[in-house]
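# Understanding the architecture of this molecule
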Amino acid sequence: MHHVQRSLSLLMVTLSLLVGACTNTSEVSSSTRRIVYGLTLSVSGIDPHINQNSELGIVLRQVYDTLVYRDPTTKEIVPGLASSWQISDDGLVYTFRLRPDVVFHDGTVFNANAVAANLDRITNSALNSQRARLLLGPYAGYQIIDDFNIRIILSQPFSPLLDSLAQVYLGMASPKALAEYAEDTLRYQFHQVGSGPFIFVEYVPEDRIVIRRNPKYAWGPSFYGSLPDNAVEEVEFRFFRDPSTRAAALLSGDAHIMGELLPADARSLSGNPSVRLLPTTVPGQPLQFYFNTRLVPTDSLAIRQAILYASNRTAIVDAVYQGFSPVAWGPLSAATLFYNPGVVNAYAHDKESARRLLSSAGYADSDNDGLLDLAGQPLQINVIQPPWGLVPQVVQLLQDQWRSVGIQANIVPVPGFVALLEKIREGNWHMVAFDAFGYDPALLDDRFKSNGVANWTGYASSELDALLEQARQAQNPSDRQLFYGQAQSQIMQNALILPIRDYVNINAHVSSVEGLIFDPYGWFPLLYGVRLNVS
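Residues numbered from 1 in each chain as written. Predicted model: local features only at pLDDT ≥ 70, side-chain atom pairs only at ≥ 80, totals over all residues. Heavy atoms only, no water.

## Concerning the side chain of Ser 174
For the record, the criterion: Where helices and strands are cited, they refer to DSSP runs of H or I of at least four residues and of E of at least two residues respectively, numbered from the N terminus. Pairs of N or O atoms are called polar contacts if they sit within 3.5 Å, as long as, within protein, a hydrogen donor faces a hydrogen acceptor (for residues adjacent in sequence, only side-chain-to-side-chain pairs). Two residues form a contact once any of their heavy atoms are found within 4.5 Å.
Relative to the helices and strands, Ser 174 resides in the loop between helix H6 (161-165) and helix H7 (175-180). Polar contacts involving the side chain of Ser 174 include one to the side chain of Asp 106, which spans 2.7 Å. Apart from residues no more than four positions distant in its own chain, Ser 174 is found in contact with Phe 104, Asp 106, Thr 108 and Val 193.

The following block contains the structure:
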């Protein structure tokens, strides 16, 4: 897929191979209704409580159930392992009534103690959770009422909690399995035990992940419906790292489902009756470039605004993404909860406005070389360029567009997420490309709060902090919409980012596969009802 979380040691993954998998290849090849699902990145870890990559969710959304779900059609929170819940008037206590009929894949009964074991694991600082712990927000503890009732207690109101609990990163694992690998948490990723519609069979890094239908599954969310007679029984996930091989794999039969197709390949497949395209919007933050407000010249609002005006995003989307992705205008994509449409057309392409702003900041072409300078210092912008999501092609076009108004872009390529973080820490950069997924806009906190753990812009505003905090704590959706709308406007008024495109994952599947849908978070398929019709 695209990026997040490549930080676990490859050495550790290699060592983990020695502990083996749950079954052998000959055993997993016997299923009659078996499909191959193409993944696009070999990740270094797939434990949902530890790792934060989106690739793991493609697989593990099928293995783990969550306390609640978001309905893929209505986007509403609906019951999952919790049949009902109540929220205290002060927003600090969430009381969950649990289903009494759920059994983990290893035979362990699901109950309040199981929820407690998962919460204990996720919040244990020794686990080094990269996403799951953050999703719990101001978590303060739990109280077991009885076998099937449990309270989650917060230190302050946190409206995104139910959204967090609907995500695979807070999936419920068997407490027996967690205890078995408590002393060697990295091994658990090879022996995962959930209660979902598929059982985890094996994980061979760099090669495959296999899951198999859980014949006892009878407690899925309401939107799963009844299981079709020809439902897929087994799924093998294989890695197709080279984007140019993905369409060919579908056409050759090497894969039945594939994500992140190249836009050009998707265009060529659109008229092929043997393949069906399924572009899927991914809510969250769009592909964007964060500005470093701590470094000259992007510490200047005028310079940041000039760069925005000088960027022809429509041309980029047309050329690079061939119309599959819409232009992004703000810090949230249009598919995200509480998106503010008022940011649309903010800083629409306007070279003259760019030139006026650059001139007002004192820049001019003093030596007639086509590039602007100030007191002999050229106007140069250092851009960190990761390899995913066709960012290199985007940066090349931006470089050409900026040069036409006198800005020189220096491209700093990085091979992956870890290297990107290292370059950011060095500080000698002006813009960095990134995106993040999620349905609730609370994901803005880490990026734009003054003390946000990923506030790469370095921008600090007590007013913006207050808006984000109010939005995070407000219980009324109308209030949250108001606060988040104002926050989005402030982010763009201060030109903290250059948005490029709302993320769309171009999926496709062979025509014999039916019933494929994705959850509201965009990346994760719901394979429960997927059917395979073979003539």
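The structure having been displayed, the exposition proceeds.
## Points about the layout of surface pockets
Stated formally: Of the two site types, the cavity is a set of points on a 1 Å grid over the protein atoms alone where a 1.4 Å probe fits but cannot get out, and the pocket is an open set with protein on both sides within 12 Å along at least five of seven lines, each lined by residues with an atom within 4 Å of a point. Grid points are joined across faces, edges and corners, and a volume is the space filled by probe spheres set on the points. Classes in brief: Ala, Val, Leu, Ile, Met, Phe, Trp, Tyr, Cys and Pro nonpolar; Asp, Glu, Lys and Arg charged; the others, Gly included, polar.
The space that makes up the largest pocket amounts to roughly 880 Å³. A total of 4 residues in the lining of the largest pocket trace back to one element, the largest contributor, which is strand E18 (residues 431-437). Of the residues in the lining of the largest pocket, the class split is 16 nonpolar, 9 polar and 10 charged.

## Observations concerning the sheet that holds strand E5 (residues 93-98)
The condition that has to hold: Criterion used throughout: strands pair if DSSP finds at least two bridges between them. The axes are straight lines fitted to the C-alpha atoms, using for helices just the contacting stretch, and the angles between their N-to-C directions are given from 0 to 180°.
One open sheet accounts for 4 strands, arranged E4-E5-E7-E6; its pairing is antiparallel. Of all strands in the sheet, those with a lone pairing partner are strand E4 (82-87) and strand E6 (139-146), marking the two edges. Direction aside, neighbouring strands of the sheet carry axes that sit 20 degrees apart on average. Pairing of E6 with strand E7 (residues 149-154) involves 6 bridges; the strand directions are antiparallel. Bridge assignment links Ile 144 to a residue of E7, and that residue is Ile 150. Its contacts with the sheet place helix H4 (residues 112-123) against E5, E6 and E7, and it is angled at close to 165 degrees to E6.

## Regarding the pattern of salt bridges
Applied cut-off: Salt-bridge detection follows one rule: a side-chain nitrogen of Lys or Arg within 4 Å of a carboxyl oxygen of Asp or Glu. Each residue is assigned to one of three classes by its accessible area relative to the maximum for its type, calculated with a 1.4 Å probe on protein chains only: buried under 20%, partly exposed between the two thresholds, exposed over 50%.
Applying the stated criterion across every chain yields a total of 18 salt bridges. For Asp 163, the salt bridge is made with Arg 70, and the minimal N-O distance between the two is 2.9 Å. Highlighted residues: Asp 163 in helix H6 and Arg 70 in strand E2 (residues 68-70), separated in sequence by 93 residues. Take Asp 163 and Arg 70: they sit in the same class, and that class is buried. Notably, a salt bridge pairs Lys 449 with Glu 469, separated by 2.3 Å at the nearest N-O pair. A residue pair is termed long-range when its members are at least 10 positions apart, and Lys 449 in the loop between helix H16 (444-448) and helix H17 (462-473) and Glu 469 in helix H17 qualify at 20 residues. Classification of Lys 449 as buried rests on a relative accessible area of 11%. Look at Glu 469 and you get partly exposed, because its relative accessible area is 22%. If you follow the salt bridges from partner to partner, you end up with Arg 34, Glu 202, Asp 207, Arg 208, Arg 212, Glu 234, Glu 236 and Arg 238 in one network.

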